[in-house]
Number of protein chains: 2
Amino acid sequence: MTGVGLTGAELAELVDALPDGVVATDPDLLGKYRWDRAVDPGAGMPLAAVRAESTEHVQAAVRWAARHRVPVVPRGAGTGLSGGATEVDGGIVLSTERMRAVDVDPLTRIAVAQPGALNAEVKAAAAVHGLWYPPDPSSFEICSIGGNVATNAGGLCCVKYGVTTDYVLGLEVVLADGTAVRLGGPRLKDVAGLSLTKLFVGSEGTLGIVTEATLRLLPAQPPTSTLVATFPTTAAATAAILAITSAMRPAMLELMDQASINAVEDLLTMGLDRSAGALLIARTDSPLAAGEAELRAMVGACEAAGAREVLATDDPAEGEAFVVARRAAITAIERLGTVLLEDVGVPLPRLPELIAGVEAIAAARDVTIAVIAHAGDGNTHPLIVVGPADAGQARRAEVAFGEVMDLAIRLDGTITGEHGVGRLKRPWLVDQIGPDVLDLSLRVKRALDPLGILNPGAVFAAPTEAR
Amino acid sequence: MTGVGLTGAELAELVDALPDGVVATDPDLLGKYRWDRAVDPGAGMPLAAVRAESTEHVQAAVRWAARHRVPVVPRGAGTGLSGGATEVDGGIVLSTERMRAVDVDPLTRIAVAQPGALNAEVKAAAAVHGLWYPPDPSSFEICSIGGNVATNAGGLCCVKYGVTTDYVLGLEVVLADGTAVRLGGPRLKDVAGLSLTKLFVGSEGTLGIVTEATLRLLPAQPPTSTLVATFPTTAAATAAILAITSAMRPAMLELMDQASINAVEDLLTMGLDRSAGALLIARTDSPLAAGEAELRAMVGACEAAGAREVLATDDPAEGEAFVVARRAAITAIERLGTVLLEDVGVPLPRLPELIAGVEAIAAARDVTIAVIAHAGDGNTHPLIVVGPADAGQARRAEVAFGEVMDLAIRLDGTITGEHGVGRLKRPWLVDQIGPDVLDLSLRVKRALDPLGILNPGAVFAAPTEAR
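Analysis parameters
- Residues numbered from 1 in each chain as written.
- Chains lettered and ligands numbered in written order.
- Predicted model: local features only at pLDDT ≥ 70, side-chain atom pairs only at ≥ 80, totals over all residues.
- Heavy atoms only, no water.
- Core = buried A, V, L, I, M, F, W, Y, C linked by side-chain atoms within 4.5 Å.
- Buried < 20%, exposed > 50% of the residue type's maximum accessible area, 1.4 Å probe, protein only.
- Contact = heavy atoms within 4.5 Å.
- Salt bridge = Lys/Arg side-chain N within 4 Å of Asp/Glu carboxyl O.
- Helix = DSSP H or I, 4+ residues; strand = E, 2+ residues; numbered from the N terminus.
- Least-squares fit on C-alpha atoms with pLDDT ≥ 70 in both.
- Phe/Tyr/Trp six-rings, centres within 6.5 Å; stacked < 30°, edge-to-face > 60°.
- Polar contact = N/O pair within 3.5 Å; in protein donor to acceptor, adjacent residues only side chain to side chain.
- Buried area = accessible area lost by both parts, 1.4 Å probe.
- Axes fitted to C-alpha atoms, helices over the stretch in contact; angles between N-to-C directions.
- Left-handed = near helix turned anticlockwise from the far one by under 90°.
- Nonpolar A, V, L, I, M, F, W, Y, C, P; charged D, E, K, R; others polar.
- Pairing = 2+ DSSP bridges.
- Domains from an automatic or database assignment.
- Patch = residues over 30% accessible without salt bridge, like charges linked within 9 Å, V, L, I, M, F, W, Y side chains within 5 Å.
- Areas by Shrake-Rupley, 256 points an atom, 1.4 Å probe, with all protein chains shown as cover.

K.L.:
Just to check I follow, could you spell out the nonpolar core for this structure?
P.N.:
A general feature of soluble globular proteins is that nonpolar side chains tend to end up buried together. F231 and L255 of chain A together with F231 and L255 of chain B are the most contacted members of the largest nonpolar core, which has 186 residues in total. The residues contacting F231 of chain B, other than those within four sequence positions of it, are A236, A237, A240, A276, G277, A278, L280, C302, A305, G306, A307 and R308 of chain B.

In C-alpha cells, the structure reads:
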C-alpha cells in the first residue's frame, strides 16, 4: 500500500477534481499535517493535503484515492493523542478543518455539526438556545467534533453524562469507495437496521470519513458546586472516590497526583498544596437542596478517607479555577520534558491497584510518571516524562509505556479509555481484545474498506500489499 | 437455505452433542416456539429446540448448524413484537430461557446477566444493593435481557435515562462459526478497537448470539413525583409535551389517546376520563425542591396547553397506578381484537403531525388505531385493531400498517423506535435507510455470517440458496 509511485499526471487528476486551493501540495504546508499532538516519530510525508469544504470534496478525494489505491488519513483539528492522524508516506491528508458549520434545532434539541467544528463551537451554538452539548475533552477549546466522533472522546463530565457516542444520533459518512451515506438521524430512539452509527463512532477513520454529525443536546447544565480535597496519599484519595461513586453520580470526579499538582503549580501559581499526595476535584450539578446534600456527602466521604483539607464552593468562578488547573495538567507536565501519554482505564474498584502499579513501574524504570485521572470512571492518564537529551531514560520510558498498558490489561482494564488506539498503542490492542476479536474487527474493516486505503496503520496493521 | 433435507443421523448428531433434555424434537413442544408475541402468520416449524444451559451449549449447537447450514433462530422470552423470533421451517430454535443467572458487583456497579434473565430479575438483583438498571420496556416483568440487547429495547424512563445500548458495557457473543468472543467489559470507558459491543446491540440475532451481558447500573432512582393530565385533544397534549421537553428532562413522559384510555378503563376500571382526547403521564425524579420545581413547571405547561384536569402527586403508590394503566394499554387494546402493533418514531417537533396523520389513516381505512406513546422521545405505538372475523377490515388494517410506516419515513422518522425490524417490518427497512445503507449493512452481515444461518429473514431478506 503506497502512493509513492503515483505519476504527476495522477496527482494532477486530484488537483483538477477539486476547486482551487482545496488541494495543497507545497511541501512546507504539507509538513504541518504530518503529526497530530502525539508527534509520532514514525510519521511519513503526504503527497497532498485535501482541505475539503464539503461532503462532495471528500467524496471526490476518496474516489480518486480508491482509483489509485492511495492511503487517506482523515484529520480533524490535529489534537489527537494516539497518532490516529499520523501521516503516511505517499498518502493524502483529508482535512476537515474548513468544514465548520454548526446548526442547532432547539425544538428537536439537536446540533448538526460539520466535522471541523470545534467541540467548544458546538457547546457555544447550543448555549445560545439554553442547551448543552456535554462531552468535554480537556482539549474542548481546540479539538474538533469530527475527531471526537472518530475517537469516541470522553472528558470530565462523562462520569455522569456519558461519552461522545451517547450523544451521536446520526452521521453522514463517506465510505471507502466515495459513496456518502446517512446513518441514524434526528430521532431520539431508532432501532431500524444495524447500529452502524455506533460502529462508526470510535472507528478512528478506518471505516469511513465523518462529514456531518447529528448530536443530541440537553437542557443547560444547572449551576454546579465544586469540592477540592487534598489527601496525604493517592490511596486515601481513591478510597474517597470509591465511597463517592457508590453513593451518588457526581458530575465530575477528577484526580491529580503529587507530580501533577506540582507541575500545575509551577505553571499557574495558584497556591496548591505541593506536599499533598493527591488532589481530588468533585462536582455536583444537582440543583438546590439536592446539590447541597450531595456536596455534604462528598465532603463527608473525603474526610472519612483522611483528607487533609476539604474546600467546597458553590461560587462558579472559584469552582472553575480548580477545573482549569486540572485541564492545564497535560500542558504543565509537557513543560518538564517529552511526554508519553497513557490513557489506561480499569474497573473502578481496581483503580487503587492501577495507581499503585504505575508508581511501582515509575520506580523500577527510574522515570517520572505523573498521574491525572477521570477517576470517577476509572480512566487514568499516566504521563511518562522524558527529560531532554537523556537517551537512556527515553528507552526506559518506552518500556514503562508498554508496562503500564500491560498492567491495565492484567487488571481487566483497557489500553485506551478515550484517546483511541491510533498508531502508538496498536501493538497492545491484541493483548487486550484477543486474536478472535481482532479477527472479527478485521472482517468488518475489510468488508467496509476492501482496498485498505482508510487510515492504514491506525488501530490495525496496514495492509502490506503495494499498489 | 433450509434444513428440511437433514437426515435423522444429522439431527441425532445435535442431540448427541448436548446433555439430555437440552435438545427437544417433540412436535408438541416445538409448537410453542414457533411464534413470539407478534404471532407472525408466516411462521415455520423448527426441527429442534435447543434450550441451552451454557455458552458451551450455544457453541455446540451453532457449530452443528454451521456444519449442516441449518438456520438458527435465537430466542429469549418470546415477548418480541416484530417477529424477530418467528421460527423458520427446517431451522432450530436457540432458546436462552434456561440461562438466567444474574450477578451484581456493587462496587464496579455492574450486573453480569445471562441472556435468559428477565429484565425484572436484573432490576431486582441490582435493587438488593441499592442500585438500579434503568431500561424498562412495558414488558419488563416478562421480557429477557437477551431480547432487550437484541432489539436495543427502550421503555418509559428512556426519555431521561437512555435505551439498552447505553447500559451495555460488554457482551459475550457466540459467532456464526461457534466461536465465543468477549466484547467490551466492566469498564465505564473503553475505546480500544471498533465498537463491536454497540454493533451487536440491536442486531436482532443476525450477527451472533448473546450469551452474557455486562450491564452498567446506577444508584437507585430517587423518589418520583408523577403528574397526570387530561386534554381535550391529542394536539393539546403534544403542545404540552413540546413545552416540557424544551425546558427540562422528565423521567417519564407518556401519552395515551382516547381509544387507549377507554380500553384501559374497560380493563382496569380506575375512573379514567373516557371523554378525554388524550392523557399525559409525566414524572420527575429530581430530588427535593428541584423535583417540586420541575413538577410545578410541568403542571404549568399542561395548563397552558389547555389541559382539562391536572393531578400531581408525590405519593409513590398513587403515581405508580397511572403508570400501571399505561403499561396495561397494549394488553387492554388486544382485548378489542387482533392488533397490528406499530413502533414508529419521529423527531420530536413532528409528533403532532405523526399523530394527526395516524388519525387520518385510521379514518381513511376505516379501522380503529389506538395510540400510546413514549411521547418525550417521539416514539409512538399506534395499535391497529382488527375485529374478529372481518376479512375486509383485516386487509384494510394491513394497508394501514404500511401507511403508518410510510408516514413516519416521510416525517424523517423511523419504522421502529424500540421493538426492532424483525420479520414484520422488513419490507419497509430499505425505504427508511436507503439502498446504500442496506448494502453497507449486508456487507457487515455477510462478513460476520457468511453462510447466512443466523436468524435468516429477520431484518434482512433470507439468503435464497438452499443447502
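Moving on, there is more to tell.
K.L.:
Sorry, what's going on with the pattern of salt bridges here?
P.N.:
Scanning the model with the defined rule gives 44 salt bridges over all chains in all. D266 of chain A is paired through a salt bridge with R274 of chain A; the nearest N and O atoms lie 2.9 Å apart. The exposure class of R274 of chain A is partly exposed, given its relative accessible area of 37%. One salt bridge connects E172 of chain B with R182 of chain B, and the closest N-O pair in it is separated by 3.5 Å. Placement of E172 of chain B in strand 8 (residues 168-174) and of R182 of chain B in strand 9 (residues 180-184) is noted, with a sequence separation of ten residues between them. A relative accessible area of 47% places R182 of chain B in the partly exposed class.

K.L.:
Help me understand the relation of the copies chain B and chain A in this model?
P.N.:
Put simply, the two copies of the chain differ by a rotation about an axis and a shift along that axis. If you rotate chain B by 180° and push it 0.0 Å along the axis, it lands on chain A with an RMSD of 0.0 Å. This pairing of chains is accounted for by a two-fold axis. Residue by residue, 100% of the interface of chain B is reproduced at the interface of chain A, so both copies engage with the same surface.

K.L.:
Teacher, can you tell me more about the packing of aromatic side chains here?
P.N.:
When we look at a pair of aromatic rings, we describe it by the centre distance and by the angle of the planes. All names here are of chain B. Using the criterion set out here, one finds six aromatic pairs over all chains in the structure. With 5.9 Å between their ring centres and 90° between their planes, F401 and W428 make a pair best called edge-to-face. In this pair, F401 is assigned in helix 14 (residues 391-410) and W428 in helix 15 (residues 426-448), connecting sequence segments 27 residues apart. For F401, a relative accessible area of 5% puts it in the buried group. On the basis of relative accessibility, which here comes to 17%, the residue W428 falls in the buried class.

K.L.:
It is not clear to me how the environment of V112 of chain A should be interpreted in this structure. Could you clarify?
P.N.:
Residue and element names in this part refer to chain A. Within the element layout of this structure, V112 appears in strand 6 (residues 110-113). Between the C-alpha atom of V112 and that of L171, which follows or precedes it by 59 residues, the distance is 9.2 Å. Ignoring sequence-local partners within four residues, the contact set of V112 consists of A101, V102, D103, E212, A213 and T214.

K.L.:
Got a minute to help me understand the environment of E53 of chain A in this structure?
P.N.:
All names here are of chain A. If you trace the backbone, E53 turns up in the loop between strand 2 (48-51) and helix 3 (55-68). Residue contacts for E53: discarding those within four places in its chain leaves V22, R98, M99 and Q114. Separated by 2.9 Å, the side chains of E53 and R98 make a polar contact.

K.L.:
Teacher, can you tell me more about the interface of chain B and chain A here?
P.N.:
Much of the literature gives interface size as the accessible area that the parts lose upon coming together. Each partner contributes residues to the interface: chain B has 82 residues there, and chain A has 82 residues. Both sides together, the interface formed by chain B and chain A hides about 6,200 Å², and carbon and sulfur atoms give 65% of it. Among the residues of chain B in contact with chain A, K189, V191 and L194 of chain B are the three that bury the most area, contributing 14% of the side total. Viewed at the interface, chain A and chain B are joined by six salt bridges. Two residues, E418 of chain B and K189 of chain A, come together in a salt bridge whose shortest N-O distance is 2.8 Å. Our count for the chain B to chain A interface comes out at 18 residue pairs in polar contact (both at pLDDT 80 or more). Looking at the side of chain B that touches chain A, the elements with two or more residues in it are helix 6 (158-161), strand 9, helix 7 (196-200), strand 11 (218-219), helix 8 (234-247), helix 10 (288-304) and helix 15 of chain B. The element best represented in the side of chain B that touches chain A is helix 15 of chain B, accounting for eleven residues.

K.L.:
Teacher, can you tell me more about the packing of helix 8 of chain B against helix 10 of chain B here?
P.N.:
Residue and element names in this part refer to chain B. For the pair helix 8 and helix 10, interaxial distance at closest approach is 8 Å and the crossing angle is 150°. Here the hand of the crossing between helix 8 and helix 10 comes out right-handed. Side by side, helix 8 and helix 10 meet where A240, A243 and I244 of the first sit next to M298, A301 and C302 of the second. The class makeup of the residues in the contact of helix 8 with helix 10 is six nonpolar, no polar and no charged.

K.L.:
Is there a simple way to think about the sheet that holds strand 4 (residues 92-95) of chain B in this case?
P.N.:
Within a sheet, neighbouring strands are paired by backbone hydrogen bonds and run either parallel or antiparallel to one another. All names here are of chain B. One open sheet holds the four strands; their spatial order is 1-2-4-3, and the pairing between them is mixed. The open sheet has two free edges, formed respectively by strand 1 (23-24) and strand 3 (72-75), since each of these has just one partner strand. In terms of strand pairing, strand 1 meets strand 2 (residues 48-51) through two bridges, oriented antiparallel. Among the inter-strand pairings, V23 is bridged to a residue of strand 2, identified as V50. In the packing of helix 3 (residues 55-68) onto the sheet, contacts are made with strand 2, strand 3 and strand 4, and the angle to strand 4 comes to roughly 160°.

K.L.:
Can you help me understand the domain arrangement of chain A in this one?
P.N.:
Residue and element names in this part refer to chain A. Taken domain by domain, chain A consists of domain 1 (8-97), domain 2 (102-219), domain 3 (222-335) and domain 4 (336-420). The C-alpha-based centres of domain 2 and domain 3 are spaced at 29 Å. Contact with domain 2, which involves nine residues of that partner, is made by eleven residues of domain 3. For the pair domain 2 and domain 3, the summed buried surface comes to about 910 Å²; carbon and sulfur atoms form 51% of the total.

K.L.:
Help me understand a nonpolar patch on the surface, please; the structure alone is not making it clear to me.
P.N.:
All names here are of chain A. On the surface, L268, M270 and V324 cluster together to form a nonpolar patch covering roughly 210 Å² of accessible area. Here V324 lies in helix 11 (residues 316-327). Residue V324 is classed as partly exposed on the basis of its relative accessible area of 41%.

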